Amino acid sequence: MNKKIIIRTLEKIALYMELKGENPFKVSAFRKAAQALELDQRSLDEIDDVTKLKGIGKGTGDVILDLMENGKSSVLEELQEEVPKGLVPLMKLQGMGGKKIAKLYKELGIDSAESLKQACLDHQIQKLPGFGPKSEEKILKELMEFDSKPGRHPIWKTEEAVEFINGVLSGIEEVSEYSVAGSYRRTKETSKDLDFIVATAQPAIVKEQLLDALPIQETIASGDTKVSVTVEFQDPIDIDFRLVAPEEFVTALHHFTGSKDHNVKMRQLAKSQNKKISEYGVEQEDGTVATFASEADFYAHFGLPFIPPTVREDGRELDLLDDISKLVDLADIQGDMHMHTTWSDGAHSLTEMIDACRAHNYNYMVITDHSEYLKVANGLTPERLLKQNAEIRELNEKYGDIEVLSGTEMDILPDGTLDFDDSVLEQLDFVIASIHSSFQQPQEQIMARLLTAMKNPHVDMIAHPTGRIVGQRGGYDPDMEQLLDWAKEYGKIVELNASPYRLDLAVEHLEMAQEKGVPVAINTDAHAIEQLDVMAIGVRHAQKAWLKKDNVVNTWPLEKLKEYLKK
DNA sequence: GCCGTTTTCGGCCCGACTGTTTTCAGTCG
């Protein structure tokens, strides 16, 4: 039995219980049990008694046992007989939860989106106690927009909205401090909505100015301290603003940065110290409320080191405090090993890229223009590559503060061969191998292509190993376990491509790489000097996978890196 | 349903907002 299936079954049971209107604590007990399994690094076979895990007791333990012995869960099957399947998608309607849906089913026999819609049109909903005309109207409206609303927004889309709103907030005089919070601040690759914390002594004025300045499509909620709106950018996106007093800014920022699990853990910790955390401050035993000048002070108040937003996710961060100081940090990055110039499809020249990297205080950098096969990107022929190589060597003599290495981003062709001969590759300092074509090939063929690159002694790194674009395309779906095993066997580096479009490898694959001892390089793949800045996003993404500095090759000094590349 | 060096029963994070009520339940983050 697959551990993932068990986790998903427990979550499904929780969902169905919710739809029955079950006790919320019972529901969350099943979710907690699923999470306990997920957080345990061991495989199912390695856990001798699941009920020994915190959060798994008799009830949830029996479900797991049932699944392992019979391949199915009688608890889930019984629930599925009781609760119509059509109710599940209704949970996605805004403002609708298990209790309301259970009531609709019980009182009106509503068992699907269609029957709910009909009941609205027949004005049956407003007759129910607890519901009214407004509820009915809202449900109908939600149902109409059901399919057209985008789900999660990829980070490269939200970036633009965040910058726009930052601009608006910085222009309002009464705002003393502001910050984006939520999953965007934690550098999740997608966000459901955006959250902003705004510190001000005059919330009413700020609220008015804010609502004036934004292209608002719809106002979802508008209270004294909380404003929720749908704003029209490229796509419509929901944004929450929390207006707080200046002294509450830090605790509010922490609260709304989340994650929810992190907050729960923090509040439990506070409680054990006889304190109480809310977004307004930390209530002490004597009833006074402490506020803070920074998040570092807030954590220190509980005897904790600063926990970066990137790792505030599933709660395990509070058990891994010693690892926080080992996390890769932007300040550790010594060089960028993947970038393009006007020689292929970059926007800036060799010297412009070198000067930009010097401005980043890097000790080294690698020029890696595209290879011949990639005609659309003006890929370099062997002759042009060698000419560029000579030019780089000459240029490198001029700079005392940075070492400019000569490399290539070489295509792995659809037929599985490499774009350059060994006689060319051996003249370069650094060779990247990449797939840019024929993504639709079956996995065996993709893996065969990757294996050719792995086996070539001149290849140093596999770039953007899955070819995905966040929220848009899945890539060529390699067998990641196998790919990483090969990387380990043949001594190759795998890339974390820092472009917000790619963030390739994904977090779970980075975790896998670190576990297997495969070194990672965080590179920008910059096609213009401004894009060198996405290193910061790449590093934060790496933190989400708990990547340690030592496992990231471009934190190494040049000598150590060169030594490694010789092998 | 799960948990317990003060607890085997009574808690389980905390507060805002909405729409329904006439003091509060449900939902959300």
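Position labels on residues start from 1 in each chain and follow its written sequence. To label them, take the chains in the order written and letter them from A, then take the ligands in the order written and number them from 1. Thresholds applied to this predicted model are a pLDDT of at least 70 for local features of residues and 80 or more for the giving and counting of side-chain atom pairs; totals over whole chains, interfaces and linings are not thresholded and use all residues. Note that water and hydrogens are dropped before the side-chain values are worked out from all heavy atoms of the structure.

As annotated in an unreviewed UniProt entry, chain A carries the name DNA-directed DNA polymerase and is attributed to Planococcus glaciei. UniProt positions are given in the numbering used here, feature names are shortened, and annotations may be inferred rather than shown by experiment. UniProt's Cofactor (unreviewed entry) comment on chain A is quoted here verbatim: "Mg(2+)".

Time to look at the pairing of strand β12 (residues 364-370). Relative accessibility thresholds used throughout: buried, under 20% of the residue-type maximum; exposed, over 50%; partly exposed, between the two (1.4 Å probe, protein chains only). Secondary structure elements follow DSSP: runs of H or I of four or more residues count as helices, runs of E of two or more count as strands, with numbering from the N terminus. By the criterion of burial, β12 is predominantly enclosed, with seven of the seven residues buried. One requirement defines pairing of two strands: DSSP has to find at least two bridges between them. Strand direction decides the pairing type here: strand β11 (residues 335-336) and β12, joined by two bridges, are parallel. Its bridge partner lying in β12, D336 is registered against M365. Here a crossover is taken to be right-handed if, once the strands point away from the viewer, the path from the first strand over the helix to the second is traced clockwise. For the crossover from β11 across helix α15 (residues 350-359) to β12, the handedness is right-handed. Pairing of β12 with strand β13 (residues 403-411), which is carried by seven bridges, proceeds in the parallel orientation. Pairing of I367 across the sheet is with S406, part of β13.

Taken together, the buried positions of helix α19 (residues 480-490) are occupied by M480, L483, L484, W486 and A487. The buried residues of α19 all sit within an arc of 155° when viewed along its axis, so they share a single face. Where α19 is buried, its residues touch α18 (443-455), β16 (493-497) and α20 (507-516). Sitting at the head of α19, D479 places a side-chain oxygen 3.3 Å from the backbone nitrogen of E481. Downstream of α19 by a residue or two, G491 has a phi angle that is positive, lying close to 70°. By arc we mean the arc of the directions from the helix axis to the C-beta atoms, nothing more. By definition in these notes, contact holds between two residues if any of their heavy atoms fall within 4.5 Å. Polar contact is defined as a pair of N or O atoms within 3.5 Å, subject to the rule that within protein one atom must be able to donate a hydrogen and the other to accept it, and that residues adjacent in sequence are counted only when both atoms are side-chain atoms.

What follows covers the sheet that holds strand β10 (residues 289-290). Pairing is antiparallel in the open sheet, where three strands are placed in the order β8-β9-β10. Sheet topology places β8 (276-278) and β10 at the edges, where each strand pairs with a single neighbour. When strand β9 (residues 281-283) meets β10, the two strands line up antiparallel, connected through two bridges. Its bridge partner being in β10, E283 is matched across the sheet by V289.

When two helices pack together, their arrangement is given by the angle between the helix axes and by the axis-to-axis distance. Only the stretch in contact is used when a helix axis is fitted, and all axes are lines through C-alpha atoms; the angle between N-to-C directions ranges over 0 to 180 degrees. Their axes nearest at 10 Å, the elements helix α2 (residues 24-39) and helix α3 (residues 58-70) cross at an angle of 60°. Taken as axis vectors, α2 and α3 run oblique relative to one another. Two packed elements cross with a definite hand, and for α2 against α3 that hand is right-handed. When α2 is examined against α3, the residues A29, F30, A33 and L37 are found in contact with a partner set consisting of T60, V63 and I64. Note on residue classes: Ala, Val, Leu, Ile, Met, Phe, Trp, Tyr, Cys and Pro are nonpolar, Asp, Glu, Lys and Arg are charged, and everything else, Gly too, is polar. Of the residues that constitute the contact of α2 with α3, the class distribution is six nonpolar, one polar and no charged. Relative orientations are named as follows: roughly parallel for angles under 35 degrees, roughly antiparallel for angles over 145 degrees, roughly perpendicular for angles from 65 to 115 degrees, and oblique for any other angle. Less than a right angle of anticlockwise turn of the near helix away from the far helix marks a crossing as left-handed, whereas a clockwise turn marks it as right-handed.

This part covers the protein's contact with DNA strand B. Any residue with a heavy atom positioned within 4 Å of a molecule or strand is treated as near that molecule or strand. The environment of DNA strand B is formed by 46 residues, the closest being G55, T60, G132, K192 and R267. The contact in question runs from a phosphate oxygen of DNA strand B to an N or O atom on the side chain of T60, over 2.6 Å. At 2.7 Å, a backbone N or O of G97 approaches a phosphate oxygen of DNA strand B. Elements with a minimum of two residues in the surface near DNA strand B: α2, α3, α5 (98-108), α7 (133-144), β5 (216-222), α12 (260-272) and β8. Of the residues assigned to the surface near DNA strand B, the class counts are 13 nonpolar, 18 polar and 15 charged.

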